[in-house]
Amino acid sequence: MDAEAAARTLREDNDRLRERVAVYAQVIHELRTELDRRTDNDTQRSPVRSLPTSIT
């Protein structure tokens, strides 16, 4: 495999990884939102309140 082909493969792998991270981040956000919605703020704290709100 020459350098150009290796670079192309790495770019494609990076693109797939970014797509997966975006999906996981969205799922985590939705779970956090739902858990926060279900948590009674007066009596208990949500276990996910300390999670980051976004991944940069």
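Since we're looking at a predicted model, the values are computed, not measured.

As a further point, take the overall build of the chain. The number of helices and strands found in the chain is one helix and zero strands. Buried residues in the chain amount to 11% of all 56 residues. With an accessible surface of roughly 5,100 Å², the chain has 53% of that area assigned to carbon and sulfur atoms.

Quick look at the pattern of salt bridges now. Inspection of every chain in the model, using the stated rule, returns five salt bridges. The closest approach of N and O atoms between Arg16 and Asp13, which form a salt bridge, is 2.4 Å. Placement of the pair is Arg16 and Asp13 together in helix α1 (residues 3-38), with a separation of three residues, close to one helical turn. Take Arg16: its relative accessible area is 41%, and that puts it in the partly exposed class. What you see here is one network of salt bridges that share partners, running through Glu34, Arg37 and Arg38.

A separate point is α1. The first and last C-alpha atoms of α1 sit 52 Å apart over 36 residues, in line with the 52 Å expected at 1.5 Å per residue. Residues of α1 that are buried include every one of Ala5, Arg32 and Asp36, and no others.

Now for a nonpolar patch on the surface. On the surface, Val23, Tyr24, Val27, Ile28 and Leu31 cluster together into a nonpolar patch covering about 480 Å² of accessible area. Take Val27: it is sitting in helix α1.

Each value, and the rule that gives it
- Residues numbered from 1 in each chain as written.
- Predicted model: local features only at pLDDT ≥ 70, side-chain atom pairs only at ≥ 80, totals over all residues.
- Heavy atoms only, no water.
- Helix = DSSP H or I, 4+ residues; strand = E, 2+ residues; numbered from the N terminus.
- Buried < 20%, exposed > 50% of the residue type's maximum accessible area, 1.4 Å probe, protein only.
- Areas by Shrake-Rupley, 256 points an atom, 1.4 Å probe, with all protein chains shown as cover.
- Salt bridge = Lys/Arg side-chain N within 4 Å of Asp/Glu carboxyl O.
- Expected span 1.5 Å × (residues − 1).
- Patch = residues over 30% accessible without salt bridge, like charges linked within 9 Å, V, L, I, M, F, W, Y side chains within 5 Å.

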